[in-house]
Amino acid sequence: MNTTDQEIVLSAQGLVKRFGGITATGNVSLSLCKGARHALIGPNGAGKTTLINLLTGVLQPTEGSIFLNGQDITRLPPHQRVHRGMVRTFQINQLFDTLTPLQTLALTLSQHYRHGMRWWKALGNNHRINERCEELLEQFHLAEVMNQQTRHLAYGKRRLLEIAIALACEPRVLLLDEPVAGVPAGEREELLATVTALPEEVSVLLIEHDMDLVFNFAKCMTVLVNGTVLTEGDPDAIAKNEQVKAVYLGTEAAHG
Amino acid sequence: MLTILFDGIAYGMLLFVLAVGLSVTMGLMNFINLAHGAFAMTGGYVTVLLMQRMDVPFLLCLPAAFISTAVLGVIFERTLYRHMYHRSHLDQVLFSIGLTFMSVASMTYAMSSSQQIIQLPEWLKGRTEIGEGTWVLGMGHYRIFLIVICALLAWGLQAILTHSRFGSRLRASVDDQRVAAGLGINVNGIFMITFAAGSGLAGLGGALGIEVLGLDPSFPLKYLIYFLIVVAVGGTSSITGPLFAALLLGIADVAGKYYIPQMGAFIVYTLMIVILLWRPHGLFERKGGK
Amino acid sequence: MESASLSLQAHSRWKHLETVFWLFALLSPWLLAKHALIINEIVIVALFALSLDLILGYTGIVSLGHAAFFGFGAYSAALFAIHVMPDPLLGLLFGAGISLLLGALCSVLILRGSDLTRLMVTLAVALILKELSNKLSWLTGGTDGLQGVMMGPVLGKFDFDIRGITAAWYSLAVTFLLFLLIRRLVHSPFGATLTAIRDNRLRAMAIGIPVSTRIAVIYSISAAIAGAAGALLAQTSSFASPDVFAFDRSADILLILVIGGTGWLYGGIIGAIVFKLLQDVISSITPEYWTFWIGAFLIALVIVGRERFLYPWKWFAKR
């Protein structure tokens, strides 16, 4: 186990992103080992979501490169990064509003199994996909609403679907952008349980504001402030770090 | 050759005045208004009516065309357009096509489908030639007049946008509506004034264009593509973008029709497609924008 | 819990109403022999609208120049009949195939830029083709178009008759077959990925859908079907003129699709029936001002809201 732990699956080197004159990400380097439970924290506007967008290819970095399993993916379009096992969730739900949860998952799975170009058979004709759909719906408590249009679902359900879609892609590297934000307490536990129950070999990068959750979950943490890495280390070291305290206390005081 | 360049510039300037309102409304409200040409046509017909029926001098007709279409613009903005700002682009397209169709049919009904002609004042007829041989520059007086008027307008618009209070509010609203509203700017009012001014300019352009572009009820459809080219190529973030795009379009069109007449408007369309392939957001879009 | 398989396939199962509709449609040239000409027109327009529904309704791409492919198919089929051979089916295949290629070429243009650029580019392609059909008179007959195109019998047996009954049968049969194909397509995993792209392009990418490729594929297919509709028109009317590329035609087809509702296949068909019948009635009363009423109708439609217009009972629904 120890040797595989050291295998780096995702690494970003010297990422810079500028919008016009504003630098949103300034020289960020980050690496994720196989099976990592890595948290990315930082105050609002620190550039956490921008970093995720860079990693997944929604944005192109101004400078720097990104490697997935040792291959340079800096210039790959987003969908090819997904094919290589890197999947994300969104901070703000990004769902298919006119489809039902069932249709959404079935479509995601059929795309995942490379059936996306099949046009002669109906969606739902594949036994394996249907079974997996039922499993996922059950697991995420979506079974009773599986035939309602997504846009009519309650927020909590939508949030669960958001995560379910990502897991349907069977990620090897999973980027979670504030997964439990706005989730009602009851469903929150379920969600956390699912995330903790992820297979050990899946590497997870978690963005979250809830410090209890972060400290329970993460084995390693990166603190991002103003688009640059402030510090990196295990949770104990971060908890003791004076600079981090200052940043968080400072912002909390400001929100105050 | 210089003559062609000159005619092209005059033509381009005219297109600029016609299309600049569309560019600003599109940038400001993200609204695709395919009925813009209908306002231009209205301005043209106002001029024709005033001159033919009431013998109003041409120079007085121009402000009349501006004001009447601006008023029309306000009425339409208040009653119809403002319901469309937050609709999907498909709805906006359908709506403005509908408006265009209605205007075309109504004009045909009211004014017949024939071409309208106006009598220009004497001092705008004729032309002056400078130089000799291949470098001769023949300038129609009316085209000199066009260039002067349109250049003044462009300069004036630029000055208003960059130096006045209204201009800075307008630019703030274009950049980010919500923030602008948060700063206490009356975005609704700005929309209305801009829409009115844009329609008014189109009407003025329509009046100025009778001599150059012709005027009949199919005007809004015939020149729709030209307006759209100016906006798409020029971008919606400045005055200079559409200005350069309009000049480029004017010169390319005049030169193309002169040198390779059998190709017709083919050159312009192809040029536009090539430009949009190369720069999908127009030639002058700010880098790092949305 | 209902099984996933059943719920998923509920949409793709044939409903009785559909069967009845198609039975009636396929028998209509026989039942309404007097109106065969207008039936033929309606069917062609319906097929054209169906092709637009694939990109607008299912994939969410606005196009103002779909007549480009319609016209291209019409000219290709007419030229094929004149210069190669008069067999209608081969001509139809040729027209659709050529339009498919054009669609593939044009799809490069619509992948980038905003809705505005897409509108422009689609509009410009149709205008360029119209210009070309006007200017290349040695090939296209210029403004007069290609007239009196002679067609051979369908399948070598059925000659086109003056009452247009064979024509109506032929168009109906072709449209029905294409409809079956399209119906399969939209209910397949491929079709589902198109809807995903329409609903949320960002998420579509994030689950690994190659968005650009999918759009290019469906755009080409849609172009081929529009081309087939154009080919049917040229073949059954023995005529192709630059008018097939006109802006009005692109706008009309958009309207037709919107009347019947986008994204459910029958929208285009219902729209075509309503539009053509209305056109017949209104044109006989005020032929010149038909466009005025179209315009008024469009505005009313948008102001009221497309959904509520189609389903008036939604006026009273809460949402």
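It should be emphasised that the depicted structure is a prediction, and the values quoted were computed from it without experimental measurement.

1. Let's talk about the interface of chain C and chain B
In step 1: Tallying the contact residues gives 39 residues for chain C and 43 residues for chain B.
In step 2: Summed over both sides, the interface between chain C and chain B buries roughly 3,600 Å², with carbon and sulfur atoms accounting for 83% of that surface.
In step 3: Inspection of the region where chain C meets chain B yields zero salt bridges.
In step 4: At the junction of chain C with chain B, the criterion picks out two residue pairs in polar contact (both at pLDDT 80 or more).
In step 5: Looking at the side of chain C that touches chain B, the elements that each hand over two or more residues are α5 (88-110), α6 (115-135), α12 (247-260) and α14 (290-304) of chain C.
In step 6: Class assignment for the residues of the side of chain C that touches chain B results in 27 nonpolar, five polar and seven charged.

2. Considering the sheet that holds strand β8 (residues 203-207) of chain A
Residues and elements named next belong to chain A.
In step 1: Across the sheet, six strands lie side by side as β6-β7-β8-β3-β9-β10; this open sheet has mixed pairing. Whereas interior strands pair on both sides, the edge strands pair on one side only; in this sheet they are β6 (86-88) and β10 (228-233). With direction set aside, neighbouring strand axes in the sheet form an average angle of 15 degrees.
In step 2: Taken together, the five bridges between strand β9 (residues 220-225) and β10 define a ladder with antiparallel strand orientation. Following the sheet pairing, L224 is matched in β10 by V229.

3. Regarding the packing of aromatic side chains
In step 1: In this structure the tally under the stated criterion is 27 aromatic pairs over all chains.
In step 2: For the ring pair Y81(B) and F195(B), a centre distance of 4.7 Å and an interplane angle of 50 degrees mean the geometry is tilted. A residue pair is termed long-range when its members are at least 10 positions apart, and Y81(B) in the loop between α3 (58-79) and α4 (89-111) and F195(B) in helix α8 (residues 187-213) qualify at 114 residues.
In step 3: Here F195(B) falls in the buried class, since its relative accessible area comes to 2%.
In step 4: In this structure an aromatic cluster arises from ring pairing among F31(B), F39(B), F76(B), Y81(B), Y85(B), F95(B), F191(B) and F195(B).
In step 5: Stacked on the ring of F90(A), the Lys or Arg R88(A) has its end atom at 3.9 Å from the ring centre.

4. Considerations on the domain arrangement of chain C
Residue and element names in this part refer to chain C.
In step 1: Assigned domains of chain C: these are domain 1 (29-284) and domain 2 (286-319).
In step 2: The straight-line distance from the C-alpha centre of domain 1 to that of domain 2 is 24 Å.
In step 3: Overall, the association of domain 1 and domain 2 removes approximately 1,000 Å² of surface from exposure, summing both partners, and the carbon and sulfur fraction of that is 73%.
In step 4: The largest per-residue losses of area from domain 1 upon contact with domain 2 belong to L255, V258 and I282, which jointly make up 46% of the total buried on that side.
In step 5: In this assembly, domain 1 and domain 2 are joined by zero salt bridges.
In step 6: Taken together, the connections running from domain 1 to domain 2 amount to zero residue pairs in polar contact (both at pLDDT 80 or more).

5. Re helix α6 (residues 155-168) of chain A
Residue and element names in this part refer to chain A.
In step 1: For α6, with 14 residues, the first-to-last C-alpha span of 20 Å sits near the 20 Å given by 1.5 Å per residue.
In step 2: In terms of burial, α6 is largely enclosed, as 13 of its 14 residues are buried.
In step 3: Phi turns positive, to about 45 degrees, at E170, one or two residues after α6.

6. Notes on the interface of chain A and chain C
In step 1: Between chain A and chain C, the residue contacts involve 45 residues of the former and 37 residues of the latter.
In step 2: In total, chain A and chain C occlude about 3,500 Å² of area from one another, counting both sides; carbon and sulfur atoms represent 65% of this.
In step 3: Looking only at chain A, the three residues that lose the most surface to chain C are F96(A), W119(A) and L123(A), adding up to 18% of its buried area.
In step 4: Counting across the chain A and chain C interface gives one salt bridge.
In step 5: The salt bridge involving E162(A) is made with R203(C); its shortest N-O contact spans 2.4 Å.
In step 6: At the surface where chain A touches chain C, the tally comes to 16 residue pairs in polar contact (both at pLDDT 80 or more).
In step 7: For the side of chain A that touches chain C, the secondary-structure elements that each account for two or more residues are α3 (78-83), β6, α4 (101-112), α5 (127-139) and α6 of chain A.
In step 8: Residues belonging to the side of chain A that touches chain C are distributed by class as follows: 22 nonpolar, 15 polar and eight charged.

7. What to know about unusual backbone geometry
All names here are of chain A.
In step 1: Of note, the phi angle at H141 is positive, near 55 degrees, even though the residue is not glycine.
In step 2: Tracing the backbone through its elements, the reader meets H141 in the loop between α5 and α6.
In step 3: Overall, the relative accessible area of 31% leaves H141 in the partly exposed class.
In step 4: One non-glycine residue, E178, lies in the positive phi region at around 45 degrees.

8. Considering the sheet that holds strand β1 (residues 8-19) of chain A
Residue and element names in this part refer to chain A.
In step 1: The strand order across the open sheet built from four strands is β2-β1-β4-β5, with neighbouring strands paired in antiparallel fashion. This sheet does not close on itself; its edge strands, each paired only once, are β2 (22-33) and β5 (71-72).
In step 2: Here β1 pairs with β2 via eight bridges, running antiparallel. Paired with I8 across the strands is C33, a residue of β2.

9. Regarding the side chain of H115(A)
In step 1: If you trace the backbone, H115(A) turns up in the loop between α4 and α5.
In step 2: On the basis of relative accessible area, H115(A) is assigned to the buried category, the value being 9%.
In step 3: Leave out the neighbours within four places in its chain, and H115(A) touches S110(A), N126(A), I129(A) and P189(C).

10. Description of the packing of helix α1 (residues 2-29) of chain B against helix α10 (residues 224-234) of chain B
Residue and element names in this part refer to chain B.
In step 1: Their axes nearest at 8 Å, the elements α1 and α10 cross at an angle of 70 degrees. Classified by the angle their axes make, α1 and α10 are roughly perpendicular. For the element pair α1 and α10, the recorded crossing hand is right-handed. Seen from α1, the contacting residues are Y11, L15, L18, A19, L22, S23 and M26; seen from α10, they are Y226, F227, L228, V230 and V231.
In step 2: Looking at the contact of α1 with α10, its residues break down into eleven nonpolar, one polar and no charged.

11. Notes on the confidence of the model for chain A
In step 1: Looking at chain A as a whole, its pLDDT mean stands at 87, while 95% of the residues score no less than 70.
In step 2: Between residues 252-256 of chain A, whose pLDDT stays under 50, and residues either more than four places distant or in other chains, the model counts one contact.

12. Some words on the packing of α1(B) against helix α11 (residues 240-259) of chain B
Residue and element names in this part refer to chain B.
In step 1: α11 packs onto α1 with a crossing angle of 135 degrees between their chain directions and a minimal axis gap of 7 Å. Judged by the inter-axis angle, α1 sits oblique to α11. In terms of crossing hand, the pair formed by α1 and α11 is right-handed. Of the residues in α11, those touching α1 at I4, L5, D7, G8, I9, Y11, G12, M13, L15, F16 and S23 are P242, L243, A246, L247, L249, G250, I251, D253, V254, A255, Y258 and Y259.
In step 2: Across the contact of α1 with α11, the residue classes break down as 17 nonpolar, four polar and two charged.

13. So, a nonpolar patch on the surface
In step 1: A surface patch of nonpolar side chains, about 690 Å² in accessible area, is lined by M1(B), W135(B), Y258(B), Y259(B), I260(B) and M263(B).
In step 2: Owing to a relative accessible area of 53%, W135(B) belongs among the exposed residues under this scheme.

14. Quick word on the environment of I294(C)
In step 1: Tracing the backbone shows I294(C) in helix α14.
In step 2: For I294(C), a relative accessible area of 5% gives the class buried.
In step 3: For I294(C) and S188(C), which are 106 residues apart along the polypeptide, the C-alpha to C-alpha distance reads 35 Å.
In step 4: Setting aside residues up to four positions removed in sequence, I294(C) forms contacts with F101(B), L255(C) and F275(C).

15. A look at the environment of T195(C)
In step 1: Note on placement: T195(C) falls in helix α9 (residues 189-199).
In step 2: C-alpha separation for the pair T195(C) and F80(C), spaced 115 residues apart in sequence, amounts to 36 Å.
In step 3: Not counting residues within four places of it along the chain, the set of residues in contact with T195(C) comprises T98(A), L99(A) and Y58(C).

16. Re the confidence of the model for chain C
Residue and element names in this part refer to chain C.
In step 1: Counting all residues, the mean pLDDT for chain C is 88, and 95% of those residues have values of 70 or more.
In step 2: Averaged pLDDT values for the elements of chain C fall to 64 in helix α15 (residues 306-310) and rise to 95 in helix α11 (residues 211-237).
In step 3: On the interface metric, ipTM, the complex scores 0.89, and its pTM is 0.89.

17. Some details on the environment of L116(C)
In step 1: Tracing the sequence through the fold places L116(C) in helix α6.
In step 2: For L116(C), a relative accessible area of 11% gives the class buried.
In step 3: Discounting chain neighbours no more than four positions away, the residues touching L116(C) are M26(B), I32(B), L228(B), V231(B) and A232(B).

Each value, and the rule that gives it
Residues numbered from 1 in each chain as written. Chains lettered and ligands numbered in written order. Predicted model: local features only at pLDDT ≥ 70, side-chain atom pairs only at ≥ 80, totals over all residues. Heavy atoms only, no water. Contact = heavy atoms within 4.5 Å. Buried area = accessible area lost by both parts, 1.4 Å probe. Salt bridge = Lys/Arg side-chain N within 4 Å of Asp/Glu carboxyl O. Polar contact = N/O pair within 3.5 Å; in protein donor to acceptor, adjacent residues only side chain to side chain. Helix = DSSP H or I, 4+ residues; strand = E, 2+ residues; numbered from the N terminus. Nonpolar A, V, L, I, M, F, W, Y, C, P; charged D, E, K, R; others polar. Pairing = 2+ DSSP bridges. Axes fitted to C-alpha atoms, helices over the stretch in contact; angles between N-to-C directions. Phe/Tyr/Trp six-rings, centres within 6.5 Å; stacked < 30°, edge-to-face > 60°. Buried < 20%, exposed > 50% of the residue type's maximum accessible area, 1.4 Å probe, protein only. Lys NZ or Arg CZ within 6 Å of the ring centre and 35° of its normal. Domains from an automatic or database assignment. Expected span 1.5 Å × (residues − 1). Parallel < 35°, antiparallel > 145°, perpendicular 65-115°, else oblique. Left-handed = near helix turned anticlockwise from the far one by under 90°. pLDDT = per-residue confidence, 0-100. Patch = residues over 30% accessible without salt bridge, like charges linked within 9 Å, V, L, I, M, F, W, Y side chains within 5 Å. Areas by Shrake-Rupley, 256 points an atom, 1.4 Å probe, with all protein chains shown as cover.

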